[in-house]
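Observations on the model geometry
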Amino acid sequence: MDYAATTPVDPRVLEAMKPYFLKKYGNSMSLHAWGREAKEALENSRETVASLMNADQEEVIFLGSGTEGSNMVLKGTAFANRKKGKHIIVSSIEHHCVLESARWLERQGFEITYLPVDKYGLVDLNALENAIKKDTILVSVMHANNEIGTIEPVEEIGKLCREKGIYFYSDAAQSYGKIPVDVEKMNVDLLMVDAHKIYGPKGTGALFIRKGTKIEPLLHGGGHEFGLRSSTVNVASIVGFAKAVEIQKKEMNSDANKQTKFRDRLIKEILKIEDSHLNGHPTKRLPNNAHFWFAYIEGESLITQLDMHGIAASTGSACSSESLEPSHVLLAIGLKPQEAHGSLRLTTGKYTTKKDVDYVLEILPKAVKRLREISPFKGGWE
Amino acid sequence: MKEVFLYPETVVRHFRKPKNMGRMKNPSGIGKVGNLLCGDVLWLYIKVKKDEKGEESIADVKFECFGCVVAIGISSVLTTMVKGKPLEEALKLRKEDILGKTGPLPPIKVHCSVLAVDALHEAIYDYYLRNKTQIPEQLQKEHERIQKTLEKVEERFKKYVELQEKVFGAKKS
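Residues numbered from 1 in each chain as written. Chains lettered and ligands numbered in written order. Predicted model: local features only at pLDDT ≥ 70, side-chain atom pairs only at ≥ 80, totals over all residues. Heavy atoms only, no water.

**Some words on the side chain of Ser175 of chain A**
All names here are of chain A. Along the chain, Ser175 falls in the loop between strand S5 (167-171) and strand S6 (190-194). In this structure the side chain of Ser175 is engaged in a polar contact, spanning 2.7 Å, whose partner is the side chain of His143. With residues up to four places along the chain from it excluded, the contact list for Ser175 reads His143, Ala144, Val181 and Leu286. (Helix = DSSP H or I, 4+ residues; strand = E, 2+ residues; numbered from the N terminus. Polar contact = N/O pair within 3.5 Å; in protein donor to acceptor, adjacent residues only side chain to side chain. Contact = heavy atoms within 4.5 Å.)

Here's what the structure looks like:
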């Protein structure tokens, strides 16, 4: 129930990767046969990954993680377009990799606007239009939120950015391979995707960079990936990523239908628990994401109660974070800190069964009840 | 799968099966500590009995906790340590005594053990107050420190929320 955190590698992906460790281990930059073999695998993989986002092969580079992509986009466009301006707009519910890059840029003298969202987590287009200034160089709004699963109106946002001549970046780590991602329809200039969210290996991501986009690399060196990301290419993992994409291409639609059924059942049944609330949009949400908050209990305790029964889930509670502050996403959609503490994220995946969902629906109400017995707050906050 | 514990096993065991958990009817004293905004609230109830010699001891103790695994687990551990103990002895209990029993906590969770000790001392303070007993100087100081910390935490959190609102826009209803 925590597929949004990561997924297991599909056995077919692992099989595709295997030869690239022992036999086809060449460096894609080498001129000899082993090098050319690796280079071919790399370029074929690039084509596959690009095709599932309707991009050209030359517009996709591979990365070491999704986080790297966001860092490169924010810092890379900021520094490459300094002459145009120093203003960047990011949504207030972006992933930490965007927000922390933005904060770092703030310390370097760039100006950041954090865009508010409504109670569902949707970015307000009017607020965006008002936030845009003459010297705005980049707008960053994720495709689907990693916590509450809300799908943003990226097409409209992209259209607005295009009209104003501003780069639009979207973090599609949670959506790519799960719902359609099309860089043309979305009007994006930059888009990040991640392998380990779709049954590929960890430590592998990709970035779409529209032709003509001005961006500086983070990593300088041997000039790999069109000079935009120097580092010996991780061919095995990239081949695995491409295999995962190839599988999702075929299975995405049927899988999404299955996940939607699980999701809607989880939501319907869990909201029957007293003082439980849904976070995120009722329909504009990822097919595999169900997110709640339960009054009078704390999330880390809830996760541990579920863990005792072999259920893996996630929370935005302060107690589970390193900073002891509740999730910025939950605060941004208007939850009070004590409400955010009682949050629970359930995310399903292609190996989730109806039996798993039944089991969660059996255990969760008991776990909530148990913690409410321990809690001093029973039916009221004081 | 081999079980890996994030926290000392004793703490996790107590979280799974808390001892002395629940509300107490007609307690002799209650200690309410922690802050809802920060995610840890602990209410500790004590029932005090006097023996023939007039020595007061904790005949029964119960707790209620809104909080994380460590907060709940440590509270339970504390109740088992003070049940049946004379008040004077209970007052000497420090977080080090609890940690000595459980093993060390991650630094970020040490405040949970402070919370438990604070709740105990506040409960005894409340008992003395209700019985118009002279409050020992040390306990009075302790009480003032706890209340002051509470105010500080509330103030800090208010500032944090204000900052969030400033950054992310006005709160929605």
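**Focus: the interface of chain B and chain A**
With 34 residues of chain B at the interface, the matching set in chain A holds 41 residues. Between chain B and chain A, the buried area comes to about 3000 Å², and carbon and sulfur atoms account for 65% of it. Remark: the boundary between chain B and chain A carries 2 salt bridges. For Glu300 of chain A, the salt bridge is made with Lys109 of chain B, and the minimal N-O distance between the two is 3.8 Å. At the boundary of chain B with chain A, the tally comes to 8 residue pairs in polar contact (both at pLDDT 80 or more). (Buried area = accessible area lost by both parts, 1.4 Å probe. Salt bridge = Lys/Arg side-chain N within 4 Å of Asp/Glu carboxyl O.)

**Regarding empty space enclosed by the protein**
Residues and elements named next belong to chain A. Evaluated as defined, the whole model comprises 1 cavity of 30 Å³ or more. Estimated volume of the largest cavity: approximately 120 Å³. In this structure, the largest cavity is lined by 16 residues; those nearest its centre are Lys178, Tyr199, Asp255, Gln259 and Asn288. Tallied by class, the residues present in the lining of the largest cavity amount to 5 nonpolar, 7 polar and 4 charged. Split by domain, the residues of the lining of the largest cavity number at least three in each of domain 1 (11-247) and domain 2 (251-371). (1 Å grid on protein atoms, 1.4 Å probe; cavity = no way out; pocket = protein on both sides within 12 Å on 5 of 7 lines; lining within 4 Å. Points joined across faces, edges and corners; volume = space filled by probe spheres on them. Nonpolar A, V, L, I, M, F, W, Y, C, P; charged D, E, K, R; others polar. Domains from an automatic or database assignment.)

**Considering the domain arrangement of chain A**
All names here are of chain A. Domains assigned within chain A are domain 1 (11-247) and domain 2 (251-371). On a C-alpha basis, the centres of domain 1 and domain 2 stand 27 Å from each other. With 29 residues of domain 1 at the interface, the matching set in domain 2 holds 25 residues. When the area that domain 1 buries against domain 2 is broken down by residue, the three leading residues are Glu147, Ile148 and Tyr199, summing to 31%. Scanning the region where domain 1 abuts domain 2 turns up 10 residue pairs in polar contact (both at pLDDT 80 or more). If you list the elements that add at least two residues to the side of domain 1 that touches domain 2, you get helix H1 (11-17) and helix H5 (96-107). Taken together, the residues that form the side of domain 1 that touches domain 2 break down as 13 nonpolar, 10 polar and 6 charged.

**With respect to the state of the cysteines**
All names here are of chain B. For the coordinates displayed, the defined rule picks out 0 disulfides over all chains. Distance from the sulfur of Cys68, which forms no disulfide, to the nearest cysteine sulfur (Cys112) is 4.0 Å. Under the relative-accessibility criterion, Cys112 is labelled buried at 1%. (Disulfide = S-S within 2.5 Å. Buried < 20%, exposed > 50% of the residue type's maximum accessible area, 1.4 Å probe, protein only.)

**What about the sheet that holds strand S1 (residues 29-35) of chain B?**
All names here are of chain B. On the basis of which strands lie adjacent, the open sheet formed by 3 strands has the order S1-S2-S3 and antiparallel pairing. Pairing within the sheet leaves two strands with one partner each, and these edge strands are S1 and strand S3 (56-66). Neighbour-to-neighbour, the strand axes of the sheet open up by a mean angle of 15 degrees, direction not taken into account. Bridge analysis of strand S2 (residues 40-50) against S3 gives 10 bridges, and the strand direction is antiparallel. Looking across to S3, one finds that Leu44 is bridged to Phe63. Across the sheet, helix H5 (residues 110-130) is in contact with S1, S2 and S3; its angle to S1 comes to roughly 145 degrees. (Pairing = 2+ DSSP bridges. Axes fitted to C-alpha atoms, helices over the stretch in contact; angles between N-to-C directions.)

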